[in-house]
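# A structural walkthrough
Listed here are the chains, written in short residue letters.
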Amino acid sequence: MAGARIDIELNNQSASRSLTTALEALENPRPLLSNIREYLTRTHRKRFSDQRAPDGTPWAPLSPRYRERKKQNSDKTLVLRGYLMNTLRGVIDDEGLAFGTDRPYGAVHQFGAEIQHQARDTTLYFKRNRDGSVGSRFVKPGKSDFAQNANIGAHKTKIPARPWLGTSDEDNNDLLAMARDYLARAVSSR
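Read on for a plain summary of the structure. Source: prediction; values computed, not measured.

Before going further, it helps to examine the layout of surface pockets. As a volume, the largest pocket reaches approximately 1,400 Å³. Around the largest pocket, the lining comprises 35 residues; the ones closest to its centre are Ser 63, Arg 65, Tyr 66, Arg 69 and Thr 157. Counting residues per element, the ones that place at least two in the lining of the largest pocket are α3 (64-69), α4 (83-86), α5 (104-111), β4 (120-128), β5 (134-138) and β7 (155-159). Here the lining of the largest pocket takes five residues from β7, the largest share from any one element. Considered class by class, the residues forming the lining of the largest pocket number 15 nonpolar, eight polar and 12 charged. Estimates place the volume of the second largest pocket at around 240 Å³. Looking at the second largest pocket, it is lined by 14 residues, and the ones nearest its centre are Thr 43, Arg 47, Asp 50, Ser 168 and Asp 171. Contributions of two or more residues to the lining of the second largest pocket are made by α2 (30-50) and α6 (169-188). Here the lining of the second largest pocket takes five residues from α2, the largest share from any one element. Taken together, the residues of the lining of the second largest pocket sort by class into three nonpolar, three polar and eight charged.

Laid out in structure tokens, this is it:
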């Protein structure tokens, strides 16, 4: 077969269209970011019900003293009335997606804190028992029938870190798969 010639012609229009479509999808990632926001909201809400950090470790338990006086959700950490969990927000703008909470105590719980309390004088209010003895629980001034002045010395309150915001390796794999699917759908729709 001397002298036989084979010509191969490549048409790159299809590849070029696919690349253009992928670039358009990347230039307008709002649909993808909206899906990511929903995913993050679900996983973080689940984290509150599971009482676990993104890496799966359990949150530090409540101190016995706080657990005893906590009236609502005494068996749950980071949940008093559900405000922190209910302030999860994802904001999408031209820069991307910002996800978290605007509550300052969200950072305190995420990273932990040590709060310095200055020494102070105060009035403590109590309610008498039926037998006339003074009760051992503090009450509001309007419900009190016994008051006592007290000096409270300087002290510290340590709040342990309870990471609640972030993604696990599994979350990262799911988010990457969402991005791949988004691009694949954009390219295949043309």
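Next comes the rest of the account.
At a minimum axis distance of 10 Å, the contact between α2 and α6 shows a crossing angle of 160°. In terms of orientation, α2 lies roughly antiparallel with respect to α6. α2 and α6 meet at a crossing whose hand is right-handed. Contacts between α2 and α6 involve Pro 31, Leu 32, Asn 35, Ile 36, Tyr 39, Leu 40, Thr 43 and Arg 47 on the former and, on the latter, Glu 170, Asp 171, Asp 174, Leu 175, Met 178, Ala 179 and Tyr 182. The class makeup of the residues in the contact of α2 with α6 is nine nonpolar, two polar and four charged.

In terms of backbone geometry, most residues other than glycine have negative phi values and most peptide bonds are trans. One non-glycine residue with positive phi stands out, namely Gln 51, at about 60°. Looking at where Gln 51 falls in the secondary structure, it is placed in the loop between α2 and α3. With a phi angle near 65°, Leu 78 is a residue other than glycine that sits in the positive phi range. Look at Leu 78 and you get buried, because its relative accessible area is 13%.

Considering all chains together, one arrives at four aromatic pairs under this definition. Relative to Trp 164, the ring of Phe 48 lies with its centre 5.7 Å away and its plane at 55°, an arrangement referred to as tilted. Placement of the pair is Phe 48 in helix α2 and Trp 164 in the loop between β7 and α6, with a sequence separation of 116 residues. Each of the two residues, Phe 48 as well as Trp 164, counts as buried. Note on Phe 126 and Phe 138: the rings are 5.4 Å apart at their centroids and 45° apart in plane angle, and the pair reads as tilted.

With that settled, the discussion passes to the sheet that holds β4. A sheet is described by the order of its strands in space; here three strands give the open sequence β5-β4-β6, paired in antiparallel fashion. The open sheet has two edge strands with one neighbour each: β5 and β6 (146-152). The mean angle between the axes of side-by-side strands here comes to 45°, regardless of whether they run parallel or antiparallel. Bridging between β4 and β5 involves two bridges; their strand directions are antiparallel. Within β5, the residue paired with Arg 128 across the bridge is Val 134.

Below, the discussion takes up α6. Between its first and last C-alpha, α6 extends 28 Å over 20 residues, near the 28 Å set by a 1.5 Å rise per residue. Listing the buried residues of α6 in full gives Asp 171, Leu 175, Tyr 182 and Ala 186. Across the axial projection of α6, the buried residues extend over an arc of 50°, all falling on one side. Exposed residues on α6 whose side chains face more than 90 degrees from its buried face are Asp 169, Glu 170, Asn 173, Arg 180 and Ser 188.

Definitions and cut-offs
- Residues numbered from 1 in each chain as written.
- Predicted model: local features only at pLDDT ≥ 70, side-chain atom pairs only at ≥ 80, totals over all residues.
- Heavy atoms only, no water.
- 1 Å grid on protein atoms, 1.4 Å probe; cavity = no way out; pocket = protein on both sides within 12 Å on 5 of 7 lines; lining within 4 Å.
- Points joined across faces, edges and corners; volume = space filled by probe spheres on them.
- Helix = DSSP H or I, 4+ residues; strand = E, 2+ residues; numbered from the N terminus.
- Nonpolar A, V, L, I, M, F, W, Y, C, P; charged D, E, K, R; others polar.
- Axes fitted to C-alpha atoms, helices over the stretch in contact; angles between N-to-C directions.
- Parallel < 35°, antiparallel > 145°, perpendicular 65-115°, else oblique.
- Left-handed = near helix turned anticlockwise from the far one by under 90°.
- Contact = heavy atoms within 4.5 Å.
- Buried < 20%, exposed > 50% of the residue type's maximum accessible area, 1.4 Å probe, protein only.
- Phe/Tyr/Trp six-rings, centres within 6.5 Å; stacked < 30°, edge-to-face > 60°.
- Pairing = 2+ DSSP bridges.
- Expected span 1.5 Å × (residues − 1).
- Arc of directions from axis to C-beta.

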